[in-house]
Amino acid sequence: MAKMLPTILKNLGSKPATRGYPYQVREPFQQTRGNLTIDLENCTLCTLCEKRCPTGAIKIQRKEGLWTFEDTRCVVCEACVEACPKDCLKAGTAWRKPVVEKGRQEWKVEVKKKEKSEEETS
Amino acid sequence: MARTVVPFGPQHPVLPEPLQLQLVLEDEKVVDAIPTLGYVHRGLEKGAEFNDFNQNVFLVERVCGICSIIHAWTYSSCIEQLLNVEVPPRAQYLRVVFAELSRMHSHLLWLGLYADAFGLESLFMQFWRIRERVLDLEEMGSGNRIILSNCIVGGMRRDIDDDLRKEILKQLEEVRKEYLQVMPAILNDYTVNHRTRGVGVLSKEDAYDQGAVGPVLRASGIASDARLLGYGPYKELGFEPVVEKDGDCYARGVVRAREVLQSMEIIKNALEKMPEGEIAAKVKATAKVDGEAFARQEQPRGEVLYYVRGKNDKILDRIRIRTPTFANIPPLLKMLPGCDLADVPVIVLAIDPCISCTER
């Protein structure tokens, strides 16, 4: 008992080792793979992200210009972020929130022809 | 005497994963044990035949939640052999750092579960509290807690910079202090000693004959470790396998407890000796894989074995994975006969069963 006393007293005064999640959320680390931010303004529909995605979360229909993303399939491995030549996809550190149903987002992408026409004229 | 068959598992408090053992009992003594597997088969080997070789890295990582980076490393080394890619030395050191971090947290998890099996609830939480620090280190370095997604074909994706190196060394020192306070609590405890010494003994000959791997084999006095095979820079880091002689459940605990400290030393050495340079060699995404490759590496639970066959295409023909628990089930069946029914949970836990790995 005498041996345990310092530990007991220390534990009475110390804070708990756990956090009261979800009310108290730890700051994510700088490198954390939390979410995927999609901004398709410069997208050229090159489909590199679709080819690299290991889970098939990204689906692209080039003819219709449709860019589909199923966020429940995404494992945030960031293979698409590394593949994208136009930096349309970016990784964020904040964790994704839990969802009650499978999400499916669609974008209509219009490929800018400007650069191409410049190349053609030059 | 009349024999009774008692099903042990697939749902049992000591088993985090479903394994069924049909125990044939005579009175309270176990005479025979018949294993039943197949409750968590996920078909990952087949799944790997639909992805290309780069995507498969993320798939094989999910074979096991605990030793994910070592799965990715072993698979990558197979593909690197086939594509003749030379991995930069810095990437090899980085792989060692993360592999040893995952070994540390795996053993800490196991020590916690082991304490829990004796009813030492508080000790279980203490081990897991320490483990959480190791997981934070993994997240700082690679972005994820457990499925690191850090190792790819050709090298690593994220580097350890100077700040992070100092942070890891600082945290490891704290982990070491906390761990050295907690570790004797389980190894010197009267109950633990009483219930594990001389229980589930596997002799040196039996361990060899039954093909035991990892800590189970080393606890029986055989200094066999896949890290001695020469993959990764383990030789430069002064690696020596941890060996115990008794071959009982206590010895298996001691091997793992000592390996945590050893992994800490390896990480410190690796961070000090890490050469500068590239962290990944370029691998063409459209490269075609042909031929056969084979790799063996040491996971926290023992030796993992990968066989990869290409068909001159991006997509592989076949991947075969043999995980350590699969190899440790025959030795388990050798340990069980002769023991008391009450000792079965401890003996089963002592091999550190990972059934999801085994069934893939």
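Here the structure is a predicted model, which means the values were calculated and not measured.

J.: Can you break down the overall build of chain A residue by residue, with the values?
T.: Tallying secondary structure elements over chain A gives four helices and five strands in all. When the helices and strands of chain A are read in sequence order from the N terminus, they spell out α-β-α-β-β-α-β-β-α. In summary, chain A has a C-alpha radius of gyration of 23 Å against a globular reference of 14 Å for 122 residues, an excess of more than 25%. Split into buried and exposed, the 122 residues of chain A put 30% on the buried side. The contacts in chain A between residues at least 6 apart in sequence include a share of 68% that link residues at least 24 apart. A total accessible area of about 9,400 Å² is found for chain A, and carbon and sulfur atoms account for 52% of it. Charge separation in chain A, taken as the distance between the mean sites of 23 positive and 17 negative side-chain charges, equals 10 Å.

J.: So what about the interface of chain B and chain A? Which residues, and what values?
T.: Between chain B and chain A, the contact holds 20 residues from the first and 16 residues from the second. Interface area, chain B with chain A, both sides summed: about 1,600 Å², of which 42% is carbon and sulfur. Among the residues chain B hides against chain A, the three largest losses belong to Glu139, Arg157 and Arg158 of chain B. Together they make up 33% of the total. Connecting chain B to chain A are four salt bridges. Across the chain B-chain A interface, the total number found is 14 residue pairs in polar contact (both at pLDDT 80 or more). The biggest single contributor to the side of chain B that touches chain A is helix H5 (residues 121-142) of chain B, with six residues. Classifying every residue of the side of chain B that touches chain A gives five nonpolar, seven polar and eight charged.

J.: Can you explain a nonpolar patch on the surface? Please cite residues and give values.
T.: Together, Met4, Leu5, Ile8, Leu9 and Leu12 of chain A make up an exposed nonpolar region whose accessible area comes to about 510 Å². By secondary structure assignment, the location of Met4 of chain A is in the segment before helix H1 (5-13).

J.: Residue-level account of H5 of chain B, with values.
T.: Given a rise of 1.5 Å per residue, 22 residues ought to cover 32 Å, and the 31 Å separating the end C-alpha atoms of H5 of chain B matches this to within 8%. One or two steps after H5 of chain B, the chain reaches Gly143 of chain B, where phi turns positive at roughly 105°.

J.: Summarise the sheet that holds strand E2 (residues 58-61) of chain A; cite the residues concerned and give the values.
T.: All names here are of chain A. Pairing within the open sheet is antiparallel, and its three strands lie in the order E2-E3-E5. Each edge of the sheet is formed by a strand with only one pairing partner; in this case those strands are E2 and strand E5 (105-108). Each strand of the sheet is rotated relative to its neighbour by a mean of 15°, with strand direction disregarded. As defined by bridge partners, E2 adjoins strand E3 (residues 66-69) across four bridges and the pair is classed as antiparallel. Within E3, the position partnered with Ile60 by the bridge is Trp67.

J.: Now, about the packing of aromatic side chains: what can you tell me, with residues and values included?
T.: The geometry of an aromatic ring pair is captured by two quantities: the separation of the ring centres and the angle between the planes. Residues and elements named next belong to chain B. One pass over the full model with this rule turns up seven aromatic pairs over all chains. Between the aromatic rings of Tyr114 and Phe118, the centroid separation amounts to 5.1 Å while the plane-to-plane angle is 70°, which identifies the pairing as edge-to-face. Residue class for Tyr114 comes out buried when judged on its relative accessible area of 3%. The rings of Trp73, Tyr231, Tyr234 and Phe239 are connected pair by pair, giving a single aromatic cluster. Here the basic side chain of Arg197 rests over the ring of Tyr250, its NZ or CZ set 3.9 Å away from the ring centre. Across from the ring centre of Tyr234, 5.8 Å away, lies the NZ or CZ of Arg227, which sits over that ring.

The rules behind each value
- Residues numbered from 1 in each chain as written.
- Chains lettered and ligands numbered in written order.
- Predicted model: local features only at pLDDT ≥ 70, side-chain atom pairs only at ≥ 80, totals over all residues.
- Heavy atoms only, no water.
- Helix = DSSP H or I, 4+ residues; strand = E, 2+ residues; numbered from the N terminus.
- Rg over C-alpha atoms; globule rule 2.2 N^0.38 Å.
- Buried < 20%, exposed > 50% of the residue type's maximum accessible area, 1.4 Å probe, protein only.
- Contact = heavy atoms within 4.5 Å.
- Areas by Shrake-Rupley, 256 points an atom, 1.4 Å probe, with all protein chains shown as cover.
- Lys, Arg positive; Asp, Glu negative; His and termini not counted.
- Charge placed at Lys NZ, Arg CZ, Asp CG, Glu CD.
- Buried area = accessible area lost by both parts, 1.4 Å probe.
- Salt bridge = Lys/Arg side-chain N within 4 Å of Asp/Glu carboxyl O.
- Polar contact = N/O pair within 3.5 Å; in protein donor to acceptor, adjacent residues only side chain to side chain.
- Nonpolar A, V, L, I, M, F, W, Y, C, P; charged D, E, K, R; others polar.
- Patch = residues over 30% accessible without salt bridge, like charges linked within 9 Å, V, L, I, M, F, W, Y side chains within 5 Å.
- Expected span 1.5 Å × (residues − 1).
- Pairing = 2+ DSSP bridges.
- Axes fitted to C-alpha atoms, helices over the stretch in contact; angles between N-to-C directions.
- Phe/Tyr/Trp six-rings, centres within 6.5 Å; stacked < 30°, edge-to-face > 60°.
- Lys NZ or Arg CZ within 6 Å of the ring centre and 35° of its normal.

What is shown is where atoms sit, not what they do.
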